[in-house]
Amino acid sequence: MPQSGEPHMLVSGKHVRQAVAHCVNGLTGVPAAQWHVRASGLEWTCWETLEHLADDLLTYALRFGLAKPMDVPRVPLRISRGRPEGPANVIFGDKEAGPEGLLTVLEACGGLLATVVDTTAPTALAPHVFGASDPEGFAAMGVVEILVHTHDITQGMQRAWEPPQDLSERALARLFPDVPITDTPWSTLLWATGRMETPDRPRRTNWRWYGAPRSRD
């Protein structure tokens, strides 16, 4: 955890764990057949989308396992696909363990990222396609991935699900400083990540987040 005198984190490992818990709670008990439908807005099934999410959380955590993260563009793990149109991952859920087993994989990967975020020096940097970021930035990236992909999955399953507004607000403040909150933080995050439109704001077809470290002044 940050030591006395270190800056307050908008997003920490605690928030990654909270996001994972809300995802798991929303998807626990879903019949196995529903996991094979397509996730909303994606070419992947709901099962594949959750595998992709777990994979994101794991690979974010691995970046800070290196002594000098910025010296290695990516951890050179073997990447494969379960089918040609599926996501390119380094980990996959055991189909015999069923959906609950895959949710366990997600929880483990999220817990690993949370632990790494809270035990890495807050000024450390690791590479990302959108530019180098610090542990807080990667925690926020993890929260965004969890929230929006759980949305994709539950929409595909035609299930109602909504995370706490606080998690969306923190993620927006850290990664989308250019996006003003309108209506609710959750609906704003969905708009910011190209998942909805409003009468005043057409759907985004190109979007990104800004993970550069916040000013510590």
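Residues numbered from 1 in each chain as written. Predicted model: local features only at pLDDT ≥ 70, side-chain atom pairs only at ≥ 80, totals over all residues. Heavy atoms only, no water.

Is there a simple way to think about the packing of helix α4 (residues 135-156) against helix α6 (residues 185-192) in this case?
At their nearest, the axes of α4 and α6 sit 11 Å apart, and the two run at 85 degrees to each other. The angle between α4 and α6 falls in the class roughly perpendicular. Packed against α4, whose contacting residues are Val144, Leu147, Val148 and His151, the element α6 presents Trp186, Leu189 and Leu190 at the interface. In terms of residue class, the contact of α4 with α6 is made up of 6 nonpolar, 1 polar and no charged. (Axes fitted to C-alpha atoms, helices over the stretch in contact; angles between N-to-C directions. Helix = DSSP H or I, 4+ residues; strand = E, 2+ residues; numbered from the N terminus. Parallel < 35°, antiparallel > 145°, perpendicular 65-115°, else oblique. Contact = heavy atoms within 4.5 Å. Nonpolar A, V, L, I, M, F, W, Y, C, P; charged D, E, K, R; others polar.)

Just to check I follow, could you spell out the pattern of salt bridges for this structure?
Side chains bearing opposite charge may pair, as long as their charged atoms lie close to each other. Across all of its chains, the model carries 9 salt bridges by this definition. The residue Arg174 makes a salt bridge to Asp134 at a minimum N-O spacing of 2.8 Å. One end of the pair, Arg174, is in helix α5 (residues 165-175); the other, Asp134, is in the loop between α3 (98-119) and α4, with 40 residues separating them in the sequence. Of the two residues, Arg174 and Asp134, neither departs from the other in class, the shared state being buried. Residues Asp152 and Arg195 are paired through a salt bridge, measuring 2.8 Å at the closest nitrogen-oxygen approach. One end of the pair, Asp152, is in helix α4; the other, Arg195, is in the segment after α6, and 43 residues separate them in sequence. Of the two residues examined, Asp152 and Arg195, each falls in the buried class. Three or more residues are tied together by salt bridges with common partners; here these are Asp134, Glu136, Arg174 and Arg214. (Salt bridge = Lys/Arg side-chain N within 4 Å of Asp/Glu carboxyl O. Buried < 20%, exposed > 50% of the residue type's maximum accessible area, 1.4 Å probe, protein only.)

Teacher, can you tell me more about the packing of aromatic side chains here?
Remark: the centre distance and the inter-plane angle together describe each pair of aromatic rings, the angle taken between the planes. Throughout the structure, instances matching the rule amount to 6 aromatic pairs. Ring centres of Phe64 and Phe138 lie 5.3 Å apart, and the angle between their planes is 90 degrees; on these two criteria the pair is classed as edge-to-face. Placement of the pair is Phe64 in the loop between α2 (46-63) and α3 and Phe138 in helix α4, with a sequence separation of 74 residues. By the burial criterion, Phe64 is buried, and Phe138 matches it. (Phe/Tyr/Trp six-rings, centres within 6.5 Å; stacked < 30°, edge-to-face > 60°.)

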